[in-house]
Amino acid sequence: MIELWVQFISAGAAGVALFAALQLLLLDRQDAGTHPRHARKALAAFLGLSALSGFELLFEQAGVYDTAPALIGVLWPFRLFYGPVLLIYVLDMTRAPDAAWPLRLKLQIWGPAIAAFVTSFSFFALPATIRQSVYGLSEAGSSSVFWVVLIFSALFLVLTLAYLGVAFWVLTRNLKAVRQIFSNIENRTLSWLRVVLLLMLAAWSWGAIKTLFPVSLISNPLVDLSDALVECVWIVTVGLYGLWQAPVFRDGQDAPQTLEPAEKYARSALSDARQAQIAERLEKLMAKEQLYRDPMLSLGVLASRLAVSPNHLSQSLNGHLGVSFFDYVNRLRVEEAVSRIRETSEPLLTIAYDVGFNSRSTFNLAVKKLTGQAPSAFREG
């Protein structure tokens, strides 16, 4: 019974992955506001690779490898491309619109995976009995099988960990960048992808650990069921959120390269007096026009209102006021919100939207972070 559930889940996950990949490939190429071109192709490739992984588990459960031993391991090498396609997706979704992809960057992304892919074909030069034993279809020498499994598992895990590490670094860098540029960032951090990457990392690490155990111990229907469920979860999550996720930077004016890194501020020509002047003008403008109420307010828009460069405004915020653009704007929003909660009977959600927040959850988190209390506490008091 469990074997049937494994086959059903694996087939369903593969079907979902292929359907989502097809949807991405059918998107109008001119709809760059929804998915950048490279990100769309990379996400479709990732879903296609996930479908292959689902088929591999399905083939094992359905006995395909028993009847066609020549197919043993034929789908495995494609897993080595999980890393590069995920990295390309993360890079393209967090880069400036129409950013170039120089040849050097392409080689850095694809080179290690292609080299590992070519190396993996040495598996097919092994005796048939060893290849069958790797998949638990025969009883070959345990020592030989152990080392084959260990080497190829290490190849996959080390390569994939390297790619995931770079992807996490890019996401972390993006989080810092959007806090300097946008006043609402909940749809710009790709936080859902962080969760998926951690889930995949845990699943792949478990897969590597399993290689240290005898096949008789890990050839368990419950283990196969858990593997199928985990894979199904990340496929559905990537399929849904990936189709909905818009690129982080949709306007070249707000692209991160318009800002100098923080460590360069000390060498900038912008003096402390000039920073103080810009900060003073900013405070007056915000008090007079309450621009923070605009949920789409960005560093570029605010800088244009002050007639200064985005970099100078960012430097004044970080250097003189000691806050990021995101923290500065949300502090003003919270201050007005708390005041209105105390003085009026307006619904909390109405206040949240009026002061510039996009959702109740971000409003609650911001108030809690700055005041240590939930919004409702100020009305109860």
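Treat the numbers as computed from the prediction; the structure is a model and nothing was measured.

**Q** Is there a simple way to explain the pattern of salt bridges in this structure?
**A** Any two side chains of opposite charge can pair, on the condition that their charged atoms come close. Evaluated as defined, the whole model comprises ten salt bridges. Arg79 is the partner of Glu56 in a salt bridge, and the nearest nitrogen-oxygen pair spans 2.8 Å. With Glu56 in helix 2 (residues 37-62) and Arg79 in the loop between helix 3 (64-67) and helix 4 (82-94), this residue pair connects regions lying 23 residues apart in the sequence. Judged by relative accessible area, which is 2%, Glu56 ranks as buried. Residue Glu336 is joined to Arg293 by a salt bridge in which the shortest nitrogen-to-oxygen separation is 2.4 Å. Taken as a pair, Glu336 in helix 14 (residues 325-343) and Arg293 in the loop between helix 11 (272-289) and helix 12 (299-306) lie far apart in primary sequence, 43 residues in all. Through salt bridges that share partners, Arg293, Glu336, Arg340, Glu346 and Asp354 make up one connected network.

**Q** So what exactly am I meant to see when it comes to the nonpolar core here?
**A** One broad trend across soluble globular proteins is that nonpolar side chains are buried collectively. Among the nonpolar cores identified, the biggest contains 70 residues, and Phe46, Leu47 and Tyr89 are the most heavily contacted of them. Every element with two or more residues in this core is listed here: helix 1 (2-26), helix 2, helix 4, helix 5 (103-120), helix 7 (142-181), helix 8 (191-210) and helix 10 (221-244). Top contributing element to this core by residue count: helix 7, with 16 residues. Once you skip the residues sitting within four places of it in the chain, Leu47 turns out to touch Ala17, Ala20, Ala21, Leu24, Ile235, Val238 and Gly239. In this structure, Ile278, Leu282, Leu297 and Tyr328 belong to the second largest nonpolar core, which totals 19 residues.

**Q** Teacher, can you tell me more about the packing of helix 2 against helix 10 here?
**A** To characterise two packed helices, one gives the angle between the axes of the helices and the distance between these axes. Taken N-terminus to C-terminus, the directions of helix 2 and helix 10 make an angle of 160°; their axes are 11 Å apart at the nearest point. The orientation of helix 2 with respect to helix 10, classified from their angle, is roughly antiparallel. For the crossing formed where helix 2 meets helix 10, the hand is left-handed. In this structure, helix 2 uses Leu43, Phe46, Leu47, Ser50, Ser53, Gly54, Leu57 and Gln61 to contact helix 10, whose residues at the interface are Asp224, Ala228, Glu231, Trp234, Ile235, Val238, Gly239, Gly242 and Leu243. Residue composition of the contact of helix 2 with helix 10, by class: nine nonpolar, six polar and two charged.

**Q** Before we go on, may I ask you to explain the packing of aromatic side chains in this structure?
**A** The description of an aromatic ring pair rests on the distance of the ring centres and on the angle between the ring planes. Enumeration according to the criterion identifies 19 aromatic pairs in this entry. Between Phe55 and Phe59, the aromatic rings sit 6.3 Å apart at their centres with planes inclined by 20°, giving stacked as the arrangement. Taken together, the residues Phe55 and Phe59, both in helix 2 and four residues apart, mark about one turn of the helix. By relative accessible area, Phe55 is classed as partly exposed at 26%.

**Q** Sorry, what's going on with helix 2 here?
**A** One turn of an α-helix holds 3.6 residues; hence residues three or four places apart share an orientation. A rise of 1.5 Å per residue sets the reference length of helix 2, with its 26 residues, at 38 Å; its end C-alpha atoms lie 37 Å apart and thus fit the reference within 8%. Where helix 2 ends, the next residue or the one after it, Gly63, has phi of about 80°, a positive value.

**Q** What exactly am I supposed to notice about helix 13 (residues 310-321) here?
**A** With twelve residues, helix 13 ought to run about 16 Å at 1.5 Å a step, and its terminal C-alpha atoms sit 15 Å apart, in line with that. All of the buried residues along helix 13 are Pro310, Asn311, Leu313, Ser314, Gln315, Ser316 and Leu317. Just past helix 13, the residue Gly322 takes up positive phi, approximately 75°.

Here is what the cut-offs are and how they apply
- Residues numbered from 1 in each chain as written.
- Predicted model: local features only at pLDDT ≥ 70, side-chain atom pairs only at ≥ 80, totals over all residues.
- Heavy atoms only, no water.
- Salt bridge = Lys/Arg side-chain N within 4 Å of Asp/Glu carboxyl O.
- Helix = DSSP H or I, 4+ residues; strand = E, 2+ residues; numbered from the N terminus.
- Buried < 20%, exposed > 50% of the residue type's maximum accessible area, 1.4 Å probe, protein only.
- Core = buried A, V, L, I, M, F, W, Y, C linked by side-chain atoms within 4.5 Å.
- Contact = heavy atoms within 4.5 Å.
- Axes fitted to C-alpha atoms, helices over the stretch in contact; angles between N-to-C directions.
- Parallel < 35°, antiparallel > 145°, perpendicular 65-115°, else oblique.
- Left-handed = near helix turned anticlockwise from the far one by under 90°.
- Nonpolar A, V, L, I, M, F, W, Y, C, P; charged D, E, K, R; others polar.
- Phe/Tyr/Trp six-rings, centres within 6.5 Å; stacked < 30°, edge-to-face > 60°.
- Expected span 1.5 Å × (residues − 1).

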